Amino acid sequence: MVPSLTPYGLTCELLEEPLGLGEPRPRLSWRTASGARGEAPAAYRLRVAARPEDLDDPARLLWDTDLVEPPETPYVHYDGPPLQSGTRYHWRVSLWDAAGAPSGEATSWFETGLLHADDWSAAWIGPDPTLVAVADPPRDDDRTERTRPLAPCPLLRRAFRVEGEVVRARVYVSARGLYELSVNGRRVGDHELAPGWTDYHERVPYQAHDVTELLREGDNVIGATLADGWWSGYVGFDARRQALHYGTAPQFLAQLVVDHADGSRRVVATDGAWRAGQGPLVYSDLLMGERHDARLAATGWDAPGFDDRGWAPAAVLDRDLSALTASADRPVRVVAELPAVSVTPRGDGRHIADLGQNMVGRVRLTLRGLPRGAAVRLRHAEMLDDGELYLDNLRTAEATDHYVAAGEPVEVFEPRFTLHGFRYVEVSGVPGPLRAEDVTGVVLMSDTPATGEFHCSDPMVTQLQANIVWGQRGNFVAVPTDCPQRDERLGWLADAQVFLPTAARNADVAAFFARWMRDVVGAQDAGGAFPDVAPKICVTTEGAPAWGDAGVIIPWQLYRLYGDVRVLERSYDAMAAWVEHVRRHNPDLIWRERVGKHYGDWLQIGVETPRDVLATAYFARSAQLTAQAAAVLGRKDDAAALAELHRSIREAFVEAFVGPDGRVAGGTQTAYLLALAFDLLPGHLVPAAAAHLAADVEARGRHLTTGFLGVSLLCPVLTEHGHADLAYALLHQEDFPSWCYSIRHGATTIWERWDGWTEEGGFQSANMNSFNHYALGSVGDWLYGRVAGIDQDSGSVAYRRLLLRPTVGGRLSWARAHQETPYGRVACGWRLEDGHVTVEVSVPPGATAVLHVPTRDAAAVREGGLPVEAAEGVRVAGEWRGVLAVELASGDYAFTAPL
Ligand code: BGC
């Protein structure tokens with residue numbers, strides 16, 4: 001018999017088959033699929049062994065849980081013998097069904113990194129700083145004044161011999177700066193912009209790669225190209241301040257461990273025996289761009305046989321490895337390629353190529369027949385202004401790449417250590433014609449696998465979802481950034497907290513955010529203030545309301561959405577310290593003091609939500625969530641004290657800001673949204689407040705006024721309080737300001753501001769006018785959660801108790817979404833046909849659901865053609881206002897109901 005319960009999507013410490021794991025007690029997890037209704041795993045068993053074949057041999061198991069009941073959260077902590085450094089472990093999960101019969105199983109592996117300080121012999125090396133000539137080449141555009149020269153990208157190489165058969169080789173590698181590694185002329189791995197961006201003062205991540213296949217007997221060479229990256233390049237908007245955030249020049253660290261068939265081991269680590277030279281990269285900078293002079297190529301430099309006598313010995317720059325940490329999230333990778341959709345000649349040897357999509361990454365350009373020394377320049381822009389690039393919004397980011405041809409018949413230029421946000425690229429210096437197929441957009445992103453999709457009948461809403469996904473792609477690059485194009489690209493906290501619920505629908509962002517939270521927690525000051533951005537650079541203010549609060553909200557959301565208790569444990573003290581920081585400075589519990597740089601409801605439109613209302617609402621929210629976190633972690637006293645604090649803040653809020661008629665001070669949509677969403681109002685005032693909110697939306701001709709914070713609550717709160725019609729009206733609104741207004745004007749990403757470009761005013765101030773900011777795209781959570789209908793009940797974690805509430809409305813004739821949750825695949829969708837609605841849902845094994853079937857006649861609802869009472873796995877739970885509520889066991893269901 002084919003086993004019906006099938007584990008899949010196995011992860012270790014939130015990652016699939018991690019190589020170079022640093023956690024001593026990693027968590028193992030899996031999702032489950034089943035072909036049968038009502039089936040749930042009754043028990044599981046985990047086995048861990050050194051070799052896959054040992055998993056079948058009880059005598060050789062390293063760890064065996066034997067049969068256990070399914071865990072409370074979808075993670076099982078490894079609890080076997082201590083893990084050894086640099087060791088691969090194979091594991092298997094086996095499931096048993098309710099009848100006690102063995103069902104499906106699946107295997108996976110994880111491999112540890114170097115777990116102990118004394119495993120390392122490598123040192124940080126680089127070119128000898130006294131020998132490096134730094135010359136800024138002449139610049140041909142004068143939009144900005146660079147305050148620091150850009151230095152050539154160094155090459156480092158080390159020749160070594162391999163004697164005897166190699167059974168296994170790993171390289172553990174990092175840079176202060178960026179590295180690209182090669183062995184014998186072949187690139188190692190596919191990580192981009194490695195090792196990523198963290199607060200390098202505290203943590204520098206290293207990666208591990210399997211290079212067994214790249215080595216050969218005899219002469220071998222390991223090589224690295226370095227670039228400044230976030231370490232020593234331009235970051236944020238400090239270009240004019242000559243600020244160096246971490247270091248002055250890139251450094252490299254690698255340790256190659258080669259195991260031979262005879263049991264011997266050879267280690268090649270970075271030290272003074274490496275040699276340093278220069279190649280074709282005259283400079284490369286994340287903000288400024290890259291200059292590649294192909295005439296300077298050091299052909300064969302990373303393979304045996306290259307004459308490196310002209311190179312200098314590398315210098316050992318530092319032996320302090322205390323910040324070295326195993327990578328805990330997914331690397332940046334090339335995730336897509338976009339061929340240009342058109343190329344328009346613009347005269348004087350210029351062409352503008354359109355990639356058809358505002359994207360983040362770089363261009364791969366094929367050049368044909370250019371003479372040696374011919375210079376090609378690429379400039380990047382998100383928008384066109386009168387047919388030419390709109391560059392002003394880049395501020396001091398030059399985002400310009402240069403290539404100098406070697407004179408080959410065909411040359412391909414693709415920058416390696418820079419990144420631009422753009423849809424249009426202007427190519428100068430190619431006499432032409434330039435063919436569209438010679439221009440490709442290469443899309444980079446932290447490789448967070450897609451987990452969800454939302455689809456519906458309306459093309460504008462479909463485009464909105466695409467814009468949200470592209471905003472996520474473009475701004476989830478090593479850290480969650482505000483925008484990818486101008487001299488900013490910082491990990492702004494509020495942007496991240498409002499968007500996380502949407503992001504987690506579209507992709508698996510559990511590891512990405514958990515890793516970033518370490519920089520948020522690490523940046524908390526001694527008084528308990530979280531920062532506004534993490535890693536903390538450029539912006540040194542204390543966390544503002546809603547920005548600092550992200551330090552509480554994000555761990556809580558990761559717990560709720562993914563069941564990640566570890567991120568709560570690791571953040572809890574910081575969360576509590578933040579709440580205490582706000583309380584200490586605001587003893588009357590109205591948050592007026594120590595608000596950092598108060599951004600209010602950032603980029604709200606035409607209104608001003610009072611800042612004390614907003615701040616106090618967030619204070620209450622943080623107290624409430626921290627109380628809940630304390631309860632989850634078993635800190636009973638904290639939980640009680642924080643819950644009491646939350647009650648008091650709530651009272652103070654009502655006293656200070658809420659009228660007897662349910663009006664909230666300021667009267668803005670966001671003021672009502674905060675009060676309702678954060679549960680700040682006494683029950684009897686809730687309907688009135690919701691009515692005031694609805695009235696404001698109506699009075700403005702069904703337009704919104706919300707900024708970054710309010711917008712995430714707008715459609716959810718309206719829907720929750722009986723105004724789904726208004727939520728849909730806002731969704732479909734095409735006049736300014738609205739999501740569809742930008743789409744009507746060609747947006748392929750979410751704009752920073754509602755009025756980034758308007759018919760009346762043209763472009764907003766170039767000072768702050770990004771066309772790729774995800775914050776206003778936080779409506780995506782509602783598309784999945786209420787339009788299609790996938791949600792979980794308020795006490796549920798990791799979507800274990802689903803709340804499926806498809807909401808028929810607006811111009812839509814159908815909508816559907818599916819999502820991989822920690823337990824398995826959830827789907828929910830509806831379509832209208834002949835006065836009926838069909839609702840189709842999938843509930844994964846181990847989860848249960850309450851489904852609200854919209855209908856005017858509950859008695860006529862059918863599932864699979866049967867009356868609901870007769871349908872397997874279905875139990876009627878209640879009936880009210882046009883809804884039949886049913887409880888579902890796991891499985892796939894199709895309901896039809898008259899509407
Ligand atoms: C950023 C935002 C950020 C804000 C703070 C801007 O410069 O682009 O996304 O949240 O500053 O108000």
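Source: prediction; values computed, not measured.

Rules and cut-offs
Residues numbered from 1 in each chain as written. Predicted model: local features only at pLDDT ≥ 70, side-chain atom pairs only at ≥ 80, totals over all residues. Heavy atoms only, no water. Helix = DSSP H or I, 4+ residues; strand = E, 2+ residues; numbered from the N terminus. Rg over C-alpha atoms; globule rule 2.2 N^0.38 Å. Buried < 20%, exposed > 50% of the residue type's maximum accessible area, 1.4 Å probe, protein only. Contact = heavy atoms within 4.5 Å. Areas by Shrake-Rupley, 256 points an atom, 1.4 Å probe, with all protein chains shown as cover. Lys, Arg positive; Asp, Glu negative; His and termini not counted. Charge placed at Lys NZ, Arg CZ, Asp CG, Glu CD. Near = heavy atom within 4 Å. Polar contact = N/O pair within 3.5 Å; in protein donor to acceptor, adjacent residues only side chain to side chain. Nonpolar A, V, L, I, M, F, W, Y, C, P; charged D, E, K, R; others polar. UniProt positions renumbered as here; feature names shortened; annotations may be inferred. Phe/Tyr/Trp six-rings, centres within 6.5 Å; stacked < 30°, edge-to-face > 60°.

Draft legend 1. Highlighting the overall build of the chain. Along the chain, the regular secondary structure elements total 14 helices and 49 strands. Relative to the globule expectation of 29 Å for 899 residues, the C-alpha radius of gyration of the chain, 28 Å, shows essentially globular dimensions. For the chain, the spread of C-alpha atoms along the three principal axes comes to 85 × 75 × 60 Å. A burial count over the chain gives 62% of its 899 residues as buried. Taking the contacts inside the chain whose residues are at least 6 apart along the sequence as the reference set, 74% of them involve residues at least 24 apart. For the chain, the computed accessible surface area is about 32100 Å², with 49% contributed by carbon and sulfur atoms. Taking the average location of the 85 positive side-chain charges in the chain and that of its 119 negative ones, the two points are 1 Å from each other.

Draft legend 2. Quick look at the site of the ligand. Neighbouring the ligand are the residues Asp482, Arg486, Glu488, Trp492, Asp495, Trp547, Tyr599, Trp602, Phe708, Glu752 and His773. In the model, an oxygen atom of the ligand is placed 2.5 Å from a nitrogen or oxygen of the Asp495 side chain. Here an oxygen atom of the ligand and a side-chain polar atom of Trp547 are 3.2 Å apart. A total of 310 Å² of accessible area belongs to the ligand in isolation, and the protein chains cover 96% of it. The residue inventory of the shell around the ligand, partitioned by class, reads 5 nonpolar, 1 polar and 5 charged.

Draft legend 3. Highlighting the UniProt feature "domain: Alpha-L-rhamnosidase C-terminal" (unreviewed entry) in the chain. Residues given the UniProt feature "domain: Alpha-L-rhamnosidase C-terminal" (unreviewed entry) here are residues 795–861. Helix makes up 0% of residues 795–861 and strand 52%, and the two end C-alpha atoms of the span are 28 Å apart.

Draft legend 4. Region of interest: the packing of aromatic side chains. Taken as a whole, this structure holds 41 aromatic pairs when the rule is applied. Relative to Phe657, the ring of Phe653 lies with its centre 5.2 Å away and its plane at 65°, an arrangement referred to as edge-to-face. One end of the pair, Phe653, and the other, Phe657, are both in helix H8 (residues 636–657), 4 residues apart, so they sit about a helical turn from each other. Both rings, one in Phe736 and one in Tyr741, keep their centres 5.5 Å apart while their planes meet at 70°; by these two values the pair is edge-to-face.

Draft legend 5. Main features of the side chain of Gln207. Along the chain, Gln207 turns up in strand E14 (residues 204–210). In terms of polar contacts, Gln207 uses its side chain to reach the side chain of Ser327, at 2.7 Å. With residues up to four places along the chain from it excluded, the contact list for Gln207 reads Val171, Tyr172, Val173, Tyr179, His191, Ala194, Pro195 and Ser327.

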